[in-house]
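The lines below spell out each chain.
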Amino acid sequence: PGWSLPLVGQDYLEVLSTWYCSFGRCCKTGDCRIINNITGLEADLNTQLHGQHLAKGIVIQALQGFLQSPQLQKALVLSFHGWSGTGKNFVARLLASHLYRDGLKSECVRVFISLFHFPHHNYVDSYKAQLEKQISETVQLCKQSLFIFDEAEKLHFSLLEAIKPFMAPHDTKGQVDYRRSIFLFLSNLGGNTINEVALDFWRAGRAREEISMDFLEQRLQLELLEPAENGYAHSHLLKENLIDFFVPFLPLEYHHVKLCARDAFLARGLPYTEASLDEVARMMVFVPKEEKLFSAQGCKSVSQRINYFLP
């Protein structure tokens with residue numbers, strides 16, 4: 001009983017690996033914890049990420065091409081852009097959980113939050129040395145590494161310059177081969193440009209699903225290059241085309257917020273009605289002032305707002 005269904009192929013290997021690794025470190029490099037479940041990632045993006053047709057398509061396309069390539073010239077670099085609460089961190093977490101069995105806890109994943117890990121510009125030289133060391137050690141440990149930089153627009157440009165060699169083509173950084181690494185940059189920069197395009201489409205009576213990168217990519221890069229206190233503008237990431245894919249996250253509308261509310265109720269095992277979903281959505285602030293079309297916070301505070309419905 002319980003063992004009547006045959007386990008074959010990859011399913012059998014995954015079950016065996018999970019059982020063996022439950023007793024401790026299953027291998028020196030952690031490579032046996034790499035799963036690269038792109039099918040599962042795509043399914044979860046389709047059901048759990050709302051209003052982001054561009055982000056879904058670009059992320060899946062980028063990862064499939066990267067993971068299936070027999071010969072890589074450089075690491076994969078993705079740059080997520082959009083307002084807060086539109087799903088950038090959510091997608092980064094999903095990506096980690098489908099590439100690695102241990103998700104964000106994997107030894108092959110490193111998360112850096114600008115103001116938390118690099119708060120003082122006076123210590124930027126020390127931060128550079130630490131960052132280079134951590135990236136090198138992680139790449140040596142894992143055949144495939146994932147580096148996530150949250151609040152990337154607040155990174156000092158010297159830090160971006162320090163990690164640039166790890167992302168550039170044809171440079172093995174000594175004995176370390178980092179070409180199987182993935183770099184994610186998460187930033188609120190570009191949100192205004194993305195929102196303007198979405199608003200223009202809405203005013204023209206066009207569906208948001210008609211928005212393509214043809215309308216966004218050039219304008220997005222121009223905003224990132226505007227003279228400002230952000231690392232993107234001062235570093236050479238853009239000028240040397242080291243970012244492979246810009247991933248725009250569109251502003252969320254009322255019905256998207258309702259879907260986020262539904263997910264939050266389901267995640268906590270709470271009953272809900274259409275009326276309760278509407279009530280949560282109406283708690284949010286919508287902009288611009290005239291149209292009140294986009295949620296100013298995306299879905300960021302939805303989970304806290306359903307506390308009002310607890311028995």
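A brief look at the structure comes next. No experiment lies behind these values; they were computed from the predicted model shown. (Residues numbered from 1 in each chain as written. Predicted model: local features only at pLDDT ≥ 70, side-chain atom pairs only at ≥ 80, totals over all residues. Heavy atoms only, no water.)

Once that is clear, we can look at the packing of helix α11 (residues 254–267) against helix α12 (residues 274–282). Following both chains from N to C, one finds α11 and α12 inclined at 115 degrees, their axes separated by 9 Å at the closest point. For the crossing formed where α11 meets α12, the hand is right-handed. Only Glu274, Ser276, Leu277, Asp278, Val280, Ala281 and Arg282 of α12 make contact with α11, whose side of the interface consists of Tyr254, Val257, Lys258, Ala261, Arg262 and Phe265. Residues belonging to the contact of α11 with α12 are distributed by class as follows: seven nonpolar, one polar and five charged. (Axes fitted to C-alpha atoms, helices over the stretch in contact; angles between N-to-C directions. Helix = DSSP H or I, 4+ residues; strand = E, 2+ residues; numbered from the N terminus. Left-handed = near helix turned anticlockwise from the far one by under 90°. Contact = heavy atoms within 4.5 Å. Nonpolar A, V, L, I, M, F, W, Y, C, P; charged D, E, K, R; others polar.)

Turning our attention to the packing of aromatic side chains. A complete count under the given rule lists eleven aromatic pairs for this structure. Aromatic pair Phe149 and Phe185: ring centres 5.2 Å apart, planes at 20 degrees, arrangement stacked. With Phe149 in strand β3 (residues 146–150) and Phe185 in strand β4 (residues 182–187), this residue pair connects regions lying 36 residues apart in the sequence. Linked through ring pairs, Phe112, Phe118, Tyr127, Phe149 and Phe185 together constitute an aromatic cluster. (Phe/Tyr/Trp six-rings, centres within 6.5 Å; stacked < 30°, edge-to-face > 60°.)

One pass over the full model with this rule turns up 13 salt bridges. Residues Arg208 and Glu253 are paired through a salt bridge, measuring 3.0 Å at the closest nitrogen-oxygen approach. Here Arg208 is found in the loop between α8 (191–203) and α9 (213–224), whereas its partner Glu253 is found in the loop between β5 (245–248) and α11, with 45 residues between them in sequence. Arg262 is the salt-bridge partner of Asp263, the closest N and O atoms lying 3.0 Å from each other. Judged by relative accessible area, which is 24%, Arg262 ranks as partly exposed. Each of Glu161, Lys164 and Glu240 takes part in salt bridges that share partners, so that together they form one network. (Salt bridge = Lys/Arg side-chain N within 4 Å of Asp/Glu carboxyl O. Buried < 20%, exposed > 50% of the residue type's maximum accessible area, 1.4 Å probe, protein only.)

All quantities given are derived from atomic positions and should not be read as evidence of function.
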